[in-house]
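Fold and contact review
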Amino acid sequence: MNQESGKEAMGNRQKVSQHGFRPTSAFQCEKLERDCRKNWDLFYKRNKTNFFKDRNWTTREFTDLLTLDNSKILLEVGCGVGNFIFPLMEVCDAKYFYACDFSSEAIKLLQENPQYCEERIKGFTCDITTGELLDTLDEDSVDIVTLIFVLSAIHPEKFKNVLQNLYKVLKPGGVLLFRDYGINDMAQWRFRDSSKISDNFYARQDGTR
């Protein structure tokens, strides 16, 4: 890193450290929490399948995915419209794929995809912060769980609930694959002070978090 880029990064870190001087009001924070499912449904009604790009990089980054064969079961949490799961199904022959999302609109679009076939994949709506996951899956039934850019959309106070729920469905020796935003990365630099909900947690203009 040269001196100029180093100064720029330092300036951005300082901006992040100052976030919160004009935080989102307590009333707004509570409303965002109450309306989080509605806001994600509106997001997918508006953007359909056009917002996120296919995640063709996942098998390069997570080599555990290459172990999927006709004896393994995978659960994708926060599947959206299938930008991860459908490319994966083209290269991996798992026994079965489960894909859940908070938004019923996302699951509707997932199920409308020509690649969707319930002989290979089941898409379902689920609030992963609650015990709803066990309505669809048995305990100790999944070999691999993916959690990619999901926790950042959930209030940090609920992280423990999410991980406890995922632990219940993972088989002994199962694998959780995780990726998300980092502190001081470009996504955080872009937020205004007034968008802050809590430490390292922000609201977008459309109400998604």
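Per an unreviewed UniProt entry, the recorded name for the protein chain is Methyltransferase type 12 domain-containing protein, and the organism is Lutzomyia longipalpis. As its UniProt record puts it under Sequence similarities (unreviewed entry), the protein chain is described as follows: "Belongs to the methyltransferase superfamily. METL family."

Before going further, it helps to examine the pattern of salt bridges. For the structure shown, the criterion picks out two salt bridges. One salt bridge connects Glu61 with Arg179, and the closest N-O pair in it is separated by 3.4 Å. With Glu61 in helix H4 (residues 58-61) and Arg179 in strand S5 (residues 170-179), the pair connects residues that are 118 residues apart, well separated along the chain. Taking relative accessible area as the criterion, Glu61 reaches 49% and is therefore assigned partly exposed. With a closest N to O distance of 3.3 Å, Lys171 and Asp143 form a salt bridge. Linking Lys171 in strand S5 with Asp143 in strand S4 (residues 142-148), this pair joins segments that are 28 residues apart in sequence. Residue Lys171 is classed as partly exposed on the basis of its relative accessible area, which comes to 28%.

We now examine the pairing of strand S2 (residues 96-101). Along any regular strand the residues' side chains alternate between the sheet's two faces. In terms of burial, S2 is largely enclosed, as six of its six residues are buried. Of the two faces of S2, the one carrying Tyr96, Tyr98 and Cys100 and the one carrying Phe97, Ala99 and Asp101 are both buried. Bridging between strand S1 (residues 73-77) and S2 involves five bridges; their strand directions are parallel. The partner of Leu75 across the bridge, within S2, is Tyr98. Viewed along the sheet, the connection from S1 through helix H5 (residues 85-91) into S2 turns out right-handed. The pairing of S2 with strand S3 (residues 121-125) spans five bridges and is parallel. The partner of Asp101 across the bridge, within S3, is Thr125. Viewed along the sheet, the connection from S2 through helix H6 (residues 104-112) into S3 turns out right-handed.

What counts and what doesn't
Residues numbered from 1 in each chain as written. Predicted model: local features only at pLDDT ≥ 70, side-chain atom pairs only at ≥ 80, totals over all residues. Heavy atoms only, no water. UniProt positions renumbered as here; feature names shortened; annotations may be inferred. Salt bridge = Lys/Arg side-chain N within 4 Å of Asp/Glu carboxyl O. Helix = DSSP H or I, 4+ residues; strand = E, 2+ residues; numbered from the N terminus. Buried < 20%, exposed > 50% of the residue type's maximum accessible area, 1.4 Å probe, protein only. Pairing = 2+ DSSP bridges. Right-handed = clockwise from strand over helix to strand, strands pointing away.

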